[in-house]
Amino acid sequence: PGFALPRPGYVGGTEQLGDGFAAQLSGVQTMLDDYGPGVLAGVSGGATVALAAAIEGLEGVCGVVTHEPLVGPRVPELHARVHAGTLAVRDGDPQRVDEFLRDLYGPPWADIGGDARLWAERHREAVSREVAHFVSFAASRESLSSISIPHLTTVGARSARPRHEVAALLADGGAVVRTIPDCGHLVPLENPDAFAAAVDELLVLVREAS
């Protein structure tokens, strides 16, 4: 069975976010303790959490699928862009949060329409606080090479060049890379079947490694 991890700040109040990225990994470890070993599959911020969990070697993580995670200053253009967004949304203004999400996810976010704006309004404080945590995450060459579990990373064929640079960086660390056609950053809306196929491929890799 699969479980969706409610990230800190979106359920139960923003006080759960704590002061740094560690709160994200704490939520993952709690889920693993409750439900047992498994694989993590994440997109965007969720992919960054999954990557960090693999680097940290969280107990119970058997493999990870990451779609376009952040990796820190080693991809400077993407890091600078998201950092600028962090400064823009730090006051929690719902309009700025919506603009940040539109820039991050591209046209598919705007296509959601009023529901997207309502989500940005409801979760503006969580977005404004947690994005700074993700910007603080940095994956070194050594940390990526230290990942000892199967790692499959995906990148959208329509995504901008820095996202492909992230995929190349993860490949250098040992990840299997798959390019997903007909999508960019928001793969759950643009090509969910292809992402599900990537998860299935990762499960095969996990079985072969065990």
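Residue numbers run consecutively from 1 along every chain, following the written order of its sequence. Only residues with pLDDT of 70 or above have their local features reported here, since the model is predicted, and side-chain atom pairs are shown and tallied only from 80 upward, although totals for entire chains, interfaces and linings are computed over all residues. To get the side-chain values, take all heavy atoms of the structure and skip hydrogens and water.

1. Description of the packing of aromatic side chains
The geometry of an aromatic ring pair is captured by the separation of the ring centres together with the interplanar angle, meaning the angle of the planes. Note on aromatic pairs: the rings of Phe, Tyr and Trp (six-membered ring only in Trp) are paired at centre separations within 6.5 Å, and the planes decide the class, stacked below 30 degrees, edge-to-face beyond 60, tilted for the rest. All chains considered together, the criterion is met by two aromatic pairs. Here the aromatic rings of W109 and W119 are separated by 6.0 Å at their centres, their planes lie at 80°, and the arrangement is edge-to-face. Separated by 10 residues along the polypeptide, W109 in helix 5 (residues 107-112) and W119 in helix 6 (residues 114-122) bring together distant segments of the chain. Working definition: with a 1.4 Å probe on protein chains only, accessible area under 20% of the residue-type maximum means buried, over 50% means exposed, and in between means partly exposed. W119 sits in the partly exposed class, given a relative accessible area of 29%. Aromatic ring contacts, followed pair by pair, group Y105, W109 and W119 into a single cluster. Starting at the N terminus, helices and strands are each numbered in turn, a helix being any DSSP run of H or I of at least four residues and a strand any DSSP run of E of at least two.

2. Thoughts on the pairing of strand 3 (residues 151-156)
With six of six residues buried, strand 3 is to be regarded as a mostly interior element. The side-chain alternation of strand 3 yields two buried faces, one formed by H151, T153 and V155 and the other by L152, T154 and G156. Whether two strands pair depends on DSSP finding at least two bridges between them. With four bridges connecting them, strand 2 (residues 61-67) and strand 3 associate as parallel partners. If you follow V65 over to strand 3, its bridge partner there is L152. For the handedness criterion, the β-α-β arrangement of strand 3, helix 9 (residues 161-172) and strand 4 (residues 176-180) is classed as right-handed. With its strands directed away from the observer, a crossover is right-handed exactly when the path from the first strand over the helix to the second travels clockwise.

3. Considering the nonpolar core
Buried Ala, Val, Leu, Ile, Met, Phe, Trp, Tyr and Cys residues that are joined via side-chain atoms within 4.5 Å together make up what is termed a nonpolar core. Residues L40, L51, V71 and L144 are the most contacted members of the largest nonpolar core, which totals 45 residues. Those elements that place two or more of their residues in this core are helix 1 (22-35), helix 2 (45-56), strand 2, helix 3 (76-89), helix 4 (94-105), helix 6, helix 7 (124-136) and helix 9. Broken down by element, the residue count for this core peaks at seven residues, all from helix 2. Membership of the second largest hydrophobic core comes to 11 residues, among which are L152, F195, A198 and L202.

4. A look at helix 9
Expected helix span is given by 1.5 Å per residue-to-residue step, counting one fewer step than there are residues. Compared with the 16 Å implied by 1.5 Å per residue over 12 residues, the 17 Å span of helix 9 between its first and last C-alpha is a close match. Considered for burial, the residues of helix 9 that qualify are P162, R163, V166, A167, L169 and L170. Summarising the axial view, the buried residues of helix 9 lie within an arc of 160°, below the 170-degree limit, and thus occupy one face. One or two residues past the end of helix 9 sits G174, with phi positive at roughly 115°. The directions from the helix axis to the C-beta atoms are what the arc is built from.

5. Digging into the environment of E190
Among the secondary structure elements, E190 is positioned in helix 10 (residues 187-190). In the structure, E190 is positioned 34 residues away from G156 in sequence and 9.4 Å away in space, judged by C-alpha atoms. Once you skip the residues sitting within four places of it in the chain, E190 turns out to touch P108, R158, D182, C183, G184 and H185. Here a polar contact is taken to be a pair of N or O atoms separated by no more than 3.5 Å, where protein atoms must pair a possible hydrogen donor with a possible acceptor and residues adjacent in sequence count only if both atoms sit in side chains. Within polar-contact distance, the side chain of E190 engages the side chain of R158 at 3.0 Å. A contact between two residues is defined here by any heavy atoms of the two lying within 4.5 Å.

6. Comments concerning helix 2
A rise of 1.5 Å per residue sets the reference length of helix 2, with its 12 residues, at 16 Å; its end C-alpha atoms lie 16 Å apart and thus fit the reference within 8%. Of all 12 residues in helix 2, 11 are buried, a share of seventy percent or more.

7. Description of the side chain of S143
By the secondary structure assignment, S143 is in helix 8 (residues 141-145). Within the local environment of S143, its side chain forms a polar contact with the backbone oxygen of S140, the two atoms lying 2.9 Å apart.

8. Observations concerning the packing of helix 4 against helix 6
Following both chains from N to C, one finds helix 4 and helix 6 inclined at 125°, their axes separated by 9 Å at the closest point. One way to sum up the angle between helix 4 and helix 6 is to call them oblique. When you trace helix 4 past helix 6, the crossing you get is right-handed. Here P94, V97, D98, L101 and R102 of helix 4 come into contact with helix 6, specifically with A116, R117, W119, A120 and E121. The residue makeup of the contact of helix 4 with helix 6, split by class, is six nonpolar, no polar and four charged. Between N-to-C directions, angles span 0 to 180 degrees; the directions come from axes that are lines fitted to C-alpha atoms, helices contributing only their stretch in contact. Orientation categories follow fixed angle ranges, with anything under 35 degrees roughly parallel, anything over 145 roughly antiparallel, 65 to 115 roughly perpendicular, and all other angles oblique. It is the rotation of the near helix from the far one that decides the hand of a crossing: anticlockwise by less than a right angle makes it left-handed, clockwise makes it right-handed. Three categories are distinguished: nonpolar for Ala, Val, Leu, Ile, Met, Phe, Trp, Tyr, Cys and Pro, charged for Asp, Glu, Lys and Arg, and polar for the others, with Gly belonging to the last.

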